[in-house]
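# Fold and contact review
Next come the chains, spelled out residue by residue.
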Amino acid sequence: MGREEQQQVSLTVEQLVAVNPYNPDILNDLEDFVNEQVSSKTYNLEANLCLLRLYQFEPEKMKTLFVANILLKVNFLLNTCKFLMGQQMEDQFKTLIVLSHYLETARFSQFWEETTKNRHVLETVPGKLI
């Protein structure tokens, strides 16, 4: 094993993603990391986005099991966040939740109609986010 390989073995997945996120050689590490997240009930957005991005560039290497696990984790986190907000907070963010639902279900005309009616809500979102 060469010096470079030894150094790469000692890097964590987070470090691999930070050092070279477009390197297809880290696919197996990222896939293993998805399995680790599933078993440990954790989530790492950057690593998961990196895996999805690599799949996008190399679709022949895509494994639907890992994509499904990432999507399930994302959906679970979003639903958990909504639950933790409680009814009072959910009422305050109802418009954003509705807009999100319209985008998720590709109901774009309803999204734009709702956006037009609730321009005041979107004006409170920092410019870098929209």
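This structure is a prediction, so every number in the text was calculated from the model and none was measured.

## Notes on the side chain of Glu114
Mapped onto the secondary structure, Glu114 falls in helix H7 (residues 108-117). Residue classification places Glu114 among the buried residues on the basis of a relative accessible area of 17%. Residues contacting Glu114, with those up to four places away along its chain left out, are Val98, Leu99 and Tyr102.

## Side note on the packing of aromatic side chains
For any two aromatic rings, the description comes down to two numbers: the centre-to-centre distance and the angle of the planes. Summed over all chains, the structure comprises two aromatic pairs. The interplanar angle of 45° and the centroid separation of 6.0 Å between the aromatic rings of Tyr22 and Phe57 together place this pair among those described as tilted. Separated by 35 residues along the polypeptide, Tyr22 in the loop between helix H2 (13-19) and helix H3 (27-40) and Phe57 in helix H4 (residues 45-57) bring together distant segments of the chain. Neither Tyr22 nor Phe57 differs from the other in exposure class; each is exposed. An angle of 80° between the planes, with centres 4.9 Å apart, marks the rings of Phe111 and Trp112 as edge-to-face. Among the residues examined, Phe111 registers a relative accessible area of 13% and is labelled buried. Accessibility expressed as a relative area gives 55% for Trp112, which makes it exposed.

The rules we used
Residue numbers here run from 1 along each chain, matching the order of that chain's written sequence. Side-chain atom pairs in this predicted model are given and counted only at pLDDT of 80 or more, local residue features only at pLDDT of at least 70, and totals for whole chains, interfaces and linings cover all residues. Side-chain metrics in this entry use all non-hydrogen atoms of the structure; hydrogen atoms and water are not considered. Working definition: helices are DSSP H or I runs of at least four residues, strands are E runs of at least two. Numbering for both runs from the N terminus. The buried label goes to any residue with under 20% of its type's maximum accessible area, the exposed label to any with over 50%, and the partly exposed label to all in between, with areas taken from a 1.4 Å probe on protein chains only. The contact criterion used throughout is that any non-hydrogen atoms of two residues lie within 4.5 Å. Two aromatic rings from Phe, Tyr or Trp, using only the six-membered ring of Trp, form a pair when their centres are within 6.5 Å; if the ring planes differ by under 30 degrees the pair is stacked, by over 60 it is edge-to-face, and anything between is tilted.

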